[in-house]
Amino acid sequence: MKTLTVLGSTGSIGTNTLDVIRRNRHAYEVYGLVAGRNVEALASQIVEFSPKVAVVATSDGVAHLSNRLTGLGLSKRQWPELLWGNSARVQVATSAEVDTVISAIVGVAGLEATYEAARRGKRIGLANKEALVSGGNLLMRAVAEHGAELLPIDSEHNGVHQCLRAGNRGEVTKLLLTASGGPFRDTPREALARVTPEQALNHPTWRMGNRITIDSATLMNKGFEVIEACWLFGFAPSQVQVVVHPQSTVHAMIEYSDGSVLAQISATDMRMPIQYALTYPDRCEAPVPKIDWNQARRWEFLPPDTQRFPLLQLAYECQEAGGSATCTLNEADEVAVEAFLQERIGFLTISEVVRETLTRVPVRTARTVDEVLGIDGESRRVARELVAARSTAGAVTA
Ligand SMILES: NC(=O)c1ccc[n+]([C@@H]2O[C@H](COP(=O)([O-])OP(=O)(O)OC[C@H]3O[C@@H](n4cnc5c(N)ncnc54)[C@H](OP(=O)(O)O)[C@@H]3O)[C@@H](O)[C@H]2O)c1
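Residues numbered from 1 in each chain as written. Predicted model: local features only at pLDDT ≥ 70, side-chain atom pairs only at ≥ 80, totals over all residues. Heavy atoms only, no water.

> Any chance you could explain the sheet that holds strand β11 (residues 261-265) here in plain terms?
Sheets are built from strands that pair by backbone hydrogen bonding, the pairs being arranged parallel or antiparallel. The four strands are arranged β9-β8-β10-β11 in an open sheet whose pairing can be described as mixed. Either end of the sheet is taken by a strand with one partner, and the two such strands are β9 (240-244) and β11. Averaged over all pairs of adjacent strands, the angle between strand axes in this sheet comes to 20°, irrespective of strand direction. In this sheet, strand β10 (residues 250-256) lies alongside strand β8 (residues 172-179) in antiparallel orientation, the contact comprising five bridges. Paired with V172 across the two strands is Y256, which belongs to β10. In the packing of helix α11 (residues 220-233) onto the sheet, contacts are made with β8 and β9, and the angle to β8 comes to roughly 150°. (Pairing = 2+ DSSP bridges. Helix = DSSP H or I, 4+ residues; strand = E, 2+ residues; numbered from the N terminus. Axes fitted to C-alpha atoms, helices over the stretch in contact; angles between N-to-C directions. Contact = heavy atoms within 4.5 Å.)

> What's the story with the environment of K52 in this structure? I'm lost.
Tracing the backbone through its elements, the reader meets K52 in the loop between α2 (39-49) and β3 (53-56). The partly exposed category is assigned to K52, whose relative accessible area is 48%. As a C-alpha pair, K52 and G377 span 325 residues in sequence and 33 Å in three-dimensional space. Each residue touching K52, except ones within four places of it in the same chain, is listed here: V30, Y31, P80, E81 and E97. Among the polar contacts made by the side chain of K52, one reaches the side chain of E97 at a distance of 2.6 Å. (Buried < 20%, exposed > 50% of the residue type's maximum accessible area, 1.4 Å probe, protein only. Polar contact = N/O pair within 3.5 Å; in protein donor to acceptor, adjacent residues only side chain to side chain.)

> I keep staring at unusual backbone geometry and nothing clicks. Help me out?
Excluding glycine, residues mostly carry a negative phi; peptide bonds, for their part, are mostly trans. With an omega dihedral of 10°, the bond running from Y280 to P281 counts as a cis peptide bond. Residue placement: P281 occurs in the loop between α12 (271-279) and α13 (310-321). The backbone phi angle of S248 is positive, close to 50°, even though this residue is not glycine. Among the secondary structure elements, S248 is positioned in the loop between β9 and β10. For S248, a relative accessible area of 5% gives the class buried.

> Would you explain the packing of aromatic side chains in this entry?
Any two aromatic rings considered together are summarised by their centre-to-centre distance and by the angle between their planes. Scanning all chains against the criterion turns up four aromatic pairs. Relative to W299, the ring of W293 lies with its centre 5.9 Å away and its plane at 75°, an arrangement referred to as edge-to-face. Judged by its relative accessible area of 24%, W299 falls in the partly exposed class. Summarising the aromatic geometry, the rings of F340 and F347 are spaced 5.7 Å apart at their centres and angled 70° between planes, so their arrangement reads as edge-to-face. Among the aromatic side chains, those forming a connected cluster through ring pairs are F184, F340 and F347. In this structure, K76 packs its charged tip against the face of W79, placed 4.9 Å from the ring centre. (Phe/Tyr/Trp six-rings, centres within 6.5 Å; stacked < 30°, edge-to-face > 60°. Lys NZ or Arg CZ within 6 Å of the ring centre and 35° of its normal.)

> How should I be thinking about the side chain of T249 in this particular structure?
Note on placement: T249 falls in the loop between β9 and β10. Setting aside residues no more than four positions away along its own chain, T249 makes contact with Q264, I265, S266, I291 and W299.

> Would you take a moment to explain the nonpolar core for this structure?
One broad rule of soluble globular proteins: the nonpolar side chains tend to lie buried together. Residues L175, L329 and F347 are the most contacted members of the largest nonpolar core, which totals 91 residues. Here this core gets nine residues from one element, more than from any other, and that element is helix α14 (residues 325-341). Among all residues touching L175, those that are not within four sequence positions of it are V160, A229, F233, F235, Q239, V240, Q241, M253 and I254. In this structure, V30, L74, I102 and A277 belong to the second largest nonpolar core, which totals 34 residues. (Core = buried A, V, L, I, M, F, W, Y, C linked by side-chain atoms within 4.5 Å.)

> I tried to follow the sheet that holds strand β1 (residues 2-7) on my own but got confused; where do I start?
Pairing within the open sheet is parallel, and its seven strands lie in the order β4-β3-β2-β1-β5-β6-β7. Of all the strands in the sheet, the pair left with one neighbour each is β4 (81-84) and β7 (149-152). For this sheet, the mean angle separating the axes of adjacent strands, direction not counted, is 25°. Bridge analysis of strand β2 (residues 28-34) against β3 gives three bridges, and the strand direction is parallel. If you follow L33 over to β3, its bridge partner there is A54.

> Got a minute to help me understand the site of the ligand in this structure?
Taken together, 24 residues are adjacent to the ligand, and T10, R37, E130, D154 and G209 come closest. A35 is positioned with one of its backbone polar atoms (N or O) 3.4 Å from a nitrogen atom of the ligand. For the ligand, whose unbound accessible area comes to 900 Å², protein coverage reaches 84%. Of all the elements in the fold, those that place two or more residues in the shell around the ligand are α1 (12-22) and α6 (129-146). Split into classes, the residues belonging to the shell around the ligand amount to 10 nonpolar, nine polar and five charged. (Near = heavy atom within 4 Å. Areas by Shrake-Rupley, 256 points an atom, 1.4 Å probe, with all protein chains shown as cover. Nonpolar A, V, L, I, M, F, W, Y, C, P; charged D, E, K, R; others polar.)

> Explain the packing of helix α10 (residues 210-218) against α14 to me, please; I cannot follow it from the model alone.
Close contact between α10 and α14 brings their axes to 10 Å; oriented N to C, the two are set at 95°. Considering the angle they form, α10 stands roughly perpendicular to α14. For the pair α10 and α14, the contacting residues are N210, R211, I214 and D215 in the first and N330, D333, E334, V337, F340 and L341 in the second. Class assignment for the residues of the contact of α10 with α14 results in four nonpolar, two polar and four charged. (Parallel < 35°, antiparallel > 145°, perpendicular 65-115°, else oblique.)

Here it is in structure tokens:
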């Protein structure tokens, strides 16, 4: 029996994780559920999974959650301990009762709990890529020093992890991460200036949270994944290549020194990598259709267009630059994506805000989580000023 804490239980990865657990109740019990503001969903999860502790983002959230649990008729004896805020997130991720933590909060809000879980030597199923993009150096050092296990849930990295089991790491020359290309794969640059949040949220192959869906439309997400791959597997950015593969069925490939390429192929369903992170090194039946090889199918592989999607190239440059450049990249993007979703800036302005923030925030080396969060706050402030300057006329600028 494994005991889990799910950071971000109400999100897309969190609910998929709970679905895997629902189907394997004999193997897992839930110690902690951590959400942000969605107390409705969290209350239902409490009723179903009976965690010992439930955490929300704010003290108001605890009050709302209490009302909701009362409304659902759950007797107080059955309530978990209700907590809020960052120190509570750290507490449920590091409890001695927990052996596995699923890190699926979006953004840097998940960094400290993930980092502290690594310092306690936990198994971490990592979806929260921003933790690595912002604090990769710190997190990987904690994993190495404390014998933690970091298993990637991002489907591409999970695919790489699976492929690497086939051979000798020293003979791998290249990692290939596939990208669907997002909803605007074939949209001309002039038209990109006018796309709406609704169109950008309409991802062709994956159903995910809003931030990662917009990041998929700009290819920023793929840029973050390049950075994530460098940290997770110890490769240089030049050894990580992105290939557009609209069918999203080949998740990743690795190339060996003799030119042989191995691919990881599976259905487009996040329960696959989540289950792998939970059961590794074993495998078990998954609630996902297997590929029907009797059906004719066509798979395409194309190079990405970094002229129309400059954030991908910027991610490579930031990882090469090192230090806090990738932390600033992440925060500037988060602010710009939020402004785009609020229709305060246009789609093409997202990359302008990110690039300009990077020129204004000096690159440093963060040695602690607090230092990462300091750089993070500074980057957000600068990005917000840039957004405000671009949206003052009230018009959405491209
Ligand atoms: N979705 C995918 O298929 C996918 C694939 C690969 C990687 N990822 C990565 O996985 C992470 C989660 O993505 P997602 O798509 O699941 O996002 P999502 O659906 O937006 O869910 C985000 C989760 O984070 C919680 N959260 C946000 N701010 C919080 C805070 N301050 N304190 C505590 N919890 C907070 C949310 O809680 P509330 O909803 O309760 O506010 C929610 O549970 C991201 O890093 C993403 O890049 C996702």
